[in-house]
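Next come the chains, spelled out residue by residue.
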Amino acid sequence: MDEPKDELRGRLREFGGEALRDAWLFDQETHEPLYVRDDVERRVADVDVAEYLDNERYGYITRRTFEELHYTGYNYTVRAFDAFTQFRTFERVGDGHVGVLASFDPDGNYDFDGLAARIADLTGAVDRFDLAGPGE
């Protein structure tokens, strides 16, 4: 059992309830699903999740760019799709960073500032997340 990942999964589930569709944890080399709802799992069966998350890794670069261009720090990104609302953040953990990507049913009134704070609180208290990689 991996307590930091279980705690992160719990915070995402508490935040989104039944509206949480999927959640992924990734670093600059690998990724791991934290949660995938049954109906979403069927929909993404033909999606190359690894390629999709490779694209999300560009956020490591854009985060640095945003922080260099703006007078304040970057916290998270929210994207609205027809079928879901997607949240992404990057947090320092130990000597590195991890990304968290989660999607929720689109009909919620979500407090993403609160979610980002819950994730930052957790990641600030752990030294690392051991990513097993997809399917391991």
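Residues numbered from 1 in each chain as written. Predicted model: local features only at pLDDT ≥ 70, side-chain atom pairs only at ≥ 80, totals over all residues. Heavy atoms only, no water.

Participant: What's the story with the packing of aromatic side chains in this structure? I'm lost.
Facilitator: Two numbers describe a pair of aromatic rings. These are the distance of the centres and the angle of the planes. Overall, the coordinates contain 11 aromatic pairs when judged by the stated rule. With a centroid separation of 5.3 Å and 75° between ring planes, the pair formed by Phe15 and Phe104 is classed as edge-to-face. On the criterion of sequence distance, the pair formed by Phe15 in helix α1 (residues 3-16) and Phe104 in strand β5 (residues 96-104) is long-range, its members being 89 residues apart. Owing to a relative accessible area of 15%, Phe15 belongs among the buried residues under this scheme. Seen from their ring centres, Phe26 and Phe90 are 5.7 Å apart, and the 90° between their planes marks the pair as edge-to-face. Taken together, the residues span a long stretch of sequence, with Phe26 in strand β1 (residues 20-26) and Phe90 in strand β4 (residues 85-93) at a distance of 64 residues. Judged by its relative accessible area of 0%, Phe90 falls in the buried class. (Phe/Tyr/Trp six-rings, centres within 6.5 Å; stacked < 30°, edge-to-face > 60°. Helix = DSSP H or I, 4+ residues; strand = E, 2+ residues; numbered from the N terminus. Buried < 20%, exposed > 50% of the residue type's maximum accessible area, 1.4 Å probe, protein only.)

Participant: Quick question: what am I supposed to make of the side chain of Thr85 here?
Facilitator: Looking at where Thr85 falls in the secondary structure, it is placed in strand β4. With relative accessibility at 11%, the residue Thr85 sits in the buried group.

Nothing here speaks to function; it is geometry throughout.
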